[in-house]
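Secondary and tertiary structure notes
Chain residues, written in single-letter form:
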Amino acid sequence: MITIAQKRFEHKITLGKDWRGTLIRKSFYSTKSKADAKRKAEKYRAQYELDLLCGGEAARPRVRFRDWAEVCLEKYKRPFVKGNSYTGTYLHPLRDHLMPTFGDAVLEDILPVHVQDYVNRMIKRYKPETIKKDVAVLAFIMEHAVENGYCKTNPVTKTIQLPRIERAEKRAYTQEEYNKVYEFCKKYPDGLSIMVLMETGISRSELLGLRWDDLDLETGTLFINQGLVSYKDANGQWVTESEGLKNSYRKRAIPIVDPELLRRLRAKPRRISYNPNYTEGHDTVVVDTGYVFHSPTGKPYQPNNWNNRVFLPFMKALHEAYPDIPQLSAHELRHTRATLWIAQGVSAFLTARLLGHSDTKMLMKIYDHTDEGTLRKVLEDAKMQG
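Since the model is a prediction, treat every value here as computed from it, not as a measurement.

Conventions used here
Residues numbered from 1 in each chain as written. Predicted model: local features only at pLDDT ≥ 70, side-chain atom pairs only at ≥ 80, totals over all residues. Heavy atoms only, no water. Helix = DSSP H or I, 4+ residues; strand = E, 2+ residues; numbered from the N terminus. Buried < 20%, exposed > 50% of the residue type's maximum accessible area, 1.4 Å probe, protein only. Contact = heavy atoms within 4.5 Å. Pairing = 2+ DSSP bridges. Core = buried A, V, L, I, M, F, W, Y, C linked by side-chain atoms within 4.5 Å. Expected span 1.5 Å × (residues − 1). Arc of directions from axis to C-beta. Salt bridge = Lys/Arg side-chain N within 4 Å of Asp/Glu carboxyl O. Axes fitted to C-alpha atoms, helices over the stretch in contact; angles between N-to-C directions. Parallel < 35°, antiparallel > 145°, perpendicular 65-115°, else oblique. Nonpolar A, V, L, I, M, F, W, Y, C, P; charged D, E, K, R; others polar. Phe/Tyr/Trp six-rings, centres within 6.5 Å; stacked < 30°, edge-to-face > 60°. Lys NZ or Arg CZ within 6 Å of the ring centre and 35° of its normal. Polar contact = N/O pair within 3.5 Å; in protein donor to acceptor, adjacent residues only side chain to side chain.

**Concerning the overall build of the protein**
A tally of helices and strands in the protein yields 14 helices and nine strands. Put simply, the protein has 386 residues, and 40% of those count as buried. Pairs at least 24 residues apart make up 59% of the contacts formed inside the protein by residues separated by at least 6 positions.

Okay, here's the thing in structure tokens:
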């Protein structure tokens, strides 16, 4: 028996343009007649246009997460944050974590349960801080998708359960430990940069961003105008640049009150020579150094390189000389400076100003870590003055 295939009639219609500007076209078929195919098409068009007017499903194009997410960050975030913040806080979490999970999903189809499932799986692999950052980026992307009509609601709701972040207690030197470490800095070949950290409370980024123009060695004043950061750009290439500061409060002047520190800064050469081939028998190159603390070739120090070549070797040598003194991070030296300032009677307001904080809230943790002996001495001194 021979079966004859029925003829199909086709009618195409254009419904408008999608979010990329591409024409939305749809075909309708009928085995009866071309007029019947056209009737089906016009019926669909009428419902489609009604949905558009009423905000129904047709009003929301079926956009996939991967097609929207990076476009969203490029338009709504990149122009307003620094390069390192954009790539580290937004772009890398998107590419490395969110895209493998949500990339092929249609924005409208992502539900809170999918977000919670993502969090539950990530808990087994990453720290709570990483997961919190991922969810914040996802919330930002989805919120702007809602505003642009690509989905009805943001699936990152208040009901999403995030892992609790356990803050590691910051360590700080006692005054006695501080004095020993500071004296050790004076004998250590690369100890000057660490002396500056300990005495001024500036961050590593601010230290490496210091230019000679930021120092008034006549009055003994250090001006914080920028910080040096390193990060991988959108193409995965390392970039080291000196940008502005996190906020206007970070721009500040700090008096240098230690005469020995001031003397050493004045004596530090601003012009250096080095052998570009690192071998004997070759001419050396002489360069002017724009940065106070720089690489052996006079260029800006990449923060991680400074940490590995200067700071960690210093801490190792310190531990060998004083095994009982803890090895702190550069940030914990900043915490030490703030703690000791407060213990010495510097007000919370002035301490916040010296650190570049907008208010004294951040200092509450410092008070929490002040030991009983320090608190007793402060109260006794206050009573004597009264």
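**Some details on the sheet that holds strand β3 (residues 215–216)**
In spatial order, the strands read β3-β4-β7; together these three strands make up an open sheet with antiparallel pairing. On the outer flanks of this sheet lie β3 and β7 (252–255), each paired with one strand and no other. Bridge analysis of strand β4 (residues 221–224) against β7 gives four bridges, and the strand direction is antiparallel. Residue pairing across strands places Ile-224 opposite Arg-252, the latter belonging to β7.

**What to know about the nonpolar core**
By size, the foremost hydrophobic cluster in this structure holds 47 residues, and its most contacted members are Tyr-173, Ile-202, Leu-265, Phe-314 and Leu-333. If you list the elements that add at least two residues to this core, you get α6 (175–187), α7 (192–200), α8 (204–208), β4, α9 (259–267), α10 (303–321), α11 (330–343) and α12 (348–355). Those residues within four positions of Tyr-173 in sequence are excluded, and the remaining contacts are Tyr-178, Val-181, Met-315, Leu-318, Ile-325, Pro-326, Gln-327, Leu-328, Leu-333, Thr-336 and Leu-340. In terms of nonpolar packing, the next biggest core, distinct from the first, is built from 31 residues, Ala-69, Tyr-86, Val-119 and Val-137 among them.

**Quick look at the environment of Pro-112**
Mapping Pro-112 onto the fold places it in helix α4 (residues 112–122). A C-alpha to C-alpha distance of 7.2 Å links Pro-112 and Ile-160, two positions 48 residues apart in sequence. Among all residues touching Pro-112, those that are not within four sequence positions of it are Pro-155, Thr-157 and Ile-160.

**Some thoughts on α6**
With 13 residues, α6 should cover 18 Å at 1.5 Å per step; its first-to-last C-alpha distance of 19 Å lies within 8% of that length. Buried within α6 we find Glu-177, Tyr-178, Val-181, Tyr-182, Phe-184 and Cys-185. One side of α6 carries all its buried residues, which in axial view fall inside an arc of 160°. Residues of α6 that are exposed and point over 90 degrees away from its buried face: Glu-176 and Lys-187. Against α7, α9, α10 and α11 lie the buried residues of α6.

**With respect to α7**
The buried fraction of α7 is high, at nine of nine residues. Those residues of α7 not exposed but buried are Leu-192, Ser-193, Ile-194, Met-195, Val-196, Leu-197, Met-198, Glu-199 and Thr-200. Positive backbone phi, approximately 75°, marks Gly-201, located one or two places after α7.

**A short note on the pattern of salt bridges**
Taken as a whole, this structure holds 15 salt bridges when the rule is applied. Of the charged contacts in the structure, one is a salt bridge between Arg-45 and Glu-42, with a shortest N-O distance of 3.3 Å. With Arg-45 and Glu-42 both in helix α1 (residues 34–54) and three residues apart, the pair spans about one turn of that helix. Members of the salt-bridge network, linked through shared partners, are Glu-206, Arg-250 and Arg-252.

**Here's the deal with the packing of α7 against α10**
Put simply, α7 and α10 touch, their axes get as near as 10 Å, and they point 75° apart. Here α7 is positioned roughly perpendicular relative to α10, judged by the angle of their axes. For the pair formed by α7 and α10, the contact residues are Ser-193, Ile-194 and Leu-197 on the first element and Trp-306, Val-310, Phe-311 and Phe-314 on the second. Here the contact of α7 with α10 is built from residues that sort into six nonpolar, one polar and no charged.

**Section: the side chain of Thr-87**
Following the sequence through the fold, Thr-87 ends up in helix α3 (residues 83–102). On the accessibility criterion, Thr-87 (4% relative accessible area) is buried.

**A closer look at the packing of aromatic side chains**
Summed over all chains, the structure comprises 11 aromatic pairs. An aromatic cluster is present here, built from Phe-184, Tyr-188, Phe-314 and Tyr-322 joined pairwise through their rings. A cation sits over an aromatic face here: Arg-8 above Tyr-29, 4.2 Å from the ring centre. Sitting over the face of the ring of Tyr-44, Lys-26 holds its NZ or CZ atom 5.3 Å from the ring centroid.

**A word on the side chain of Thr-289**
Residue position: Thr-289 is located in the loop between β9 (285–288) and α10. Given a relative accessible area of 5%, Thr-289 falls into the buried group. At 3.3 Å, the side chain of Thr-289 forms a polar contact with the side chain of Trp-212. Dropping the residues within four chain positions of it, Thr-289 is found in contact with Trp-212, Pro-269, Arg-270, Arg-271, Ile-272, His-294 and Gly-298.

Nothing here speaks to function; it is geometry throughout.
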